[in-house]
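Chain by chain, the residues:
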Amino acid sequence: MKTGKIMFYIIGVIFLVSVSGYFMLGNSEVSKDDYNDESGEFQKVVIGMKGFNYYPNTITVKEGIPVRIYLDESVVGCLRSFTIPEFGVAKYLKTQEDYVEFTPNKKGTFKFACSMNMGTGTLIVE
Amino acid sequence: MSFKKFSSYVSEEENLVRAIFVSLLSSFIILAFFYFLILKNIIDFIPNYGFFLFFAILSYAFIIPSIKHIRIYGEFACMSGMIIGMTIGMISGFLGGFYVGSTNGMFWGSVFGMSVGMFFGISNGKCCGIMGIIEGVLAGFMGGLMGGMTALMLLNDNLKYMAVIVFFISVLTLSGLNYMIYKETREIKDKRRENDFFTIFWSVLLTTITVWFMVFGPRSVLFQ
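Residues numbered from 1 in each chain as written. Chains lettered and ligands numbered in written order. Predicted model: local features only at pLDDT ≥ 70, side-chain atom pairs only at ≥ 80, totals over all residues. Heavy atoms only, no water.

### So, the overall build of chain B
We apply this condition: In this description a helix means any DSSP run of H or I spanning at least four residues, a strand means any run of E spanning at least two, and both kinds are numbered starting from the N terminus. Residue burial is assigned from relative accessible area. The probe radius is 1.4 Å, only protein chains are included, and a residue is buried under 20% of its type maximum, exposed over 50%, and partly exposed in between. We call two residues in contact when some of their heavy atoms are within 4.5 Å. In this description, accessible areas are obtained by the Shrake-Rupley approach with a 1.4 Å probe, and a residue is regarded as covered only by the protein chains that are shown.
When helices and strands are counted, chain B shows eight helices and zero strands. The buried share of chain B, taken over its 224 residues, is 55%. Of the contacts made within chain B by residues no fewer than 6 positions apart, 86% connect residues no fewer than 24 positions apart. With the model as given, the accessible surface of chain B reaches about 10,300 Å², and the carbon-plus-sulfur share is 70%.

### Things to note about the sheet that holds strand S8 (residues 108-114) of chain A
Residue and element names in this part refer to chain A. Stated precisely, the cut-off is as follows: Two strands form a pair only when DSSP identifies at least two bridges running between them. A fitted line through C-alpha atoms represents every axis, and for helices the fit uses only the stretch in contact; the resulting angles, taken between N-to-C directions, go from 0 to 180 degrees.
Reading across from one edge, S3-S9-S8-S5-S6 is the order of the five strands in this open sheet, with mixed pairing throughout. Taken across any chain shown, the strands that pair with only one partner, and hence form the sheet edges, are strand S3 (58-61) and strand S6 (89-92). Neighbour to neighbour, the strand axes of the sheet diverge by 20 degrees on average, direction disregarded. One ladder, built from four bridges, connects strand S5 (residues 81-84) with S6; its direction is antiparallel.

### Some remarks on the interface of chain B and chain A
The line we're drawing: The term salt bridge refers to a side-chain nitrogen of Lys or Arg lying within 4 Å of a carboxyl oxygen of Asp or Glu. Polar contacts, as used here, are pairs of N or O atoms within 3.5 Å; protein pairs need one atom able to donate a hydrogen and one able to accept it. Residues neighboring in sequence count only if both atoms are side-chain atoms. When residues are grouped by polarity, Ala, Val, Leu, Ile, Met, Phe, Trp, Tyr, Cys and Pro land in nonpolar, Asp, Glu, Lys and Arg in charged, and all others, Gly among them, in polar.
Taken together, the contacts link 26 residues of chain B with 30 residues of chain A. Across the chain B-chain A interface, the total number found is zero salt bridges. The tally of links from chain B across to chain A stands at one residue pair in polar contact (both at pLDDT 80 or more). The element best represented in the side of chain B that touches chain A is helix H2 (residues 14-37) of chain B, accounting for nine residues. Of the residues that constitute the side of chain B that touches chain A, the class distribution is 18 nonpolar, four polar and four charged.

### Some words on the sheet that holds strand S7 (residues 99-102) of chain A
Residues and elements named next belong to chain A. The strand order across the open sheet built from four strands is S2-S1-S4-S7, with neighbouring strands paired in mixed fashion. Each edge of the open sheet carries a strand with a single partner, namely strand S2 (53-55) and S7. Strand-to-strand twist in this sheet, taken as the mean axis angle between neighbours without regard to direction, amounts to 30 degrees. Pairing geometry for strand S1 (residues 43-50) and strand S4 (residues 67-71), over five bridges, is parallel. Note that in S4 the partner of lysine 44 across the bridge is arginine 68.

### Looking at the packing of helix H4 (residues 78-104) of chain B against helix H6 (residues 130-153) of chain B
Residue and element names in this part refer to chain B. Put simply, the test is: Each angle gets one of four labels, with under 35 degrees taken as roughly parallel, over 145 as roughly antiparallel, 65 to 115 as roughly perpendicular, and the rest as oblique. By definition, any crossing whose near helix is turned counterclockwise from its far helix by less than a right angle is left-handed, and any crossing with a clockwise turn is right-handed.
Where H4 contacts H6, the two axes come as close as 6 Å, and the packing angle between them is 25 degrees. Classed by the angle they form, the pair H4 and H6 counts as roughly parallel. Crossing geometry of H4 relative to H6 is assigned as right-handed. Broken down by class, the residue content of the contact of H4 with H6 amounts to 11 nonpolar, 14 polar and one charged.

### Considering the confidence of the model for chain A
Rule in force here: Confidence of the predictor at the level of single residues is captured by pLDDT, which takes values from 0 to 100.
This prediction gives chain A a mean pLDDT of 82; 87% of its residues lie at or above 70. The weakest mean pLDDT in chain A belongs to helix H1 (residues 2-25) of chain A at 82; the strongest belongs to S4(A) at 93.

### A few points about the pattern of salt bridges
This model, assessed by the stated rule, comprises four salt bridges over all chains. Notably, a salt bridge pairs Glu101(A) with Arg68(A), separated by 2.8 Å at the nearest N-O pair. Residue Glu101(A) is located in strand S7, and its partner Arg68(A) is located in strand S4; the two are separated by 33 residues in the primary sequence. Overall, the relative accessible area of 41% leaves Glu101(A) in the partly exposed class. Take Arg68(A): its relative accessible area is 4%, and that puts it in the buried class. Among the salt bridges present, the one from Asp196(B) reaches Lys68(B), with a minimum N-O distance of 3.6 Å. Separated by 128 residues along the polypeptide, Asp196(B) in the loop between helix H7 (159-185) and helix H8 (197-215) and Lys68(B) in helix H3 (residues 45-73) bring together distant segments of the chain. For the residue pair Asp196(B) and Lys68(B), the accessibility class agrees, reading buried in each case. Shared partners join several salt bridges into a network, and the residues in it are Arg18(B), Lys68(B) and Asp196(B).

### Some thoughts on the confidence of the model for chain B
Counting all residues, the mean pLDDT for chain B is 87, and 88% of those residues have values of 70 or more. As a predicted assembly, this complex carries a pTM of 0.74 together with an ipTM value of 0.73.

So this is what it looks like as structure tokens:
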């Protein structure tokens, strides 16, 4: 009798895990908005990785025109978490199609870095 | 351990298997309730949170029965109490911190993990006095912090595989703890009677808090 009960519970656990796993683990792809190049004028910057740092690690952009920064496939690890504190930019760029967009509204030299400050670079706004 | 010994252990601890079943059932029922009530309107709820929520619920289904198991016997020797406080504090803190950290970032994952870990560490370690309490606090603190930190550092490096690995290691550790409790207390005749309320209450509460935290809770700037 006791063995029967235990078997019931074990089968119940397996059943619950299987059914919930089917629903919760089934679709792991996040839907993405279509990438659209026609959304207006912007400055496109693609950054790679060399010597465990961003490459190029100095980028120059024009003031007042929106900037989109992409990270190519060479960028791995925490460097994919891209931040520019001065412009409130902080985003995890999972794929090469992901980007950060901001409008540099002041001239100067600013720092960009990964979230853990292990990769750094300079953004010059002219 | 031979299969015969293992079978005798499982049949002695029927309540443990039952509690895992009850915990899973109550967690998934409350999750289904929330899903049809509100979560189905959240865009990409399953792809974003389903995996980590699934493993969080599985983790609670092993942690809560172990805590119930400890409550049934109540008092332990100092050495046992310390390992109980440390194991429960560390595992509950680490797993909670890891899964919430994967969706909300290191700070909030660590805060969640430390809160859960220290609470359970203290409440289980107190069975053997101040030493067990300190052990529970330290384990919860360390586990929670490590869980959140590990999740963030693995963000772009097989985070989901690691989520599965840490889950299985934790289950193995908790199984060892339950077997230790069984071995040390099988001579005790006056076990405290515990019904399913404890299991249901904590499963529902932890699942609700985790869902709320992951979906609506505060998150680090990288996860916004």
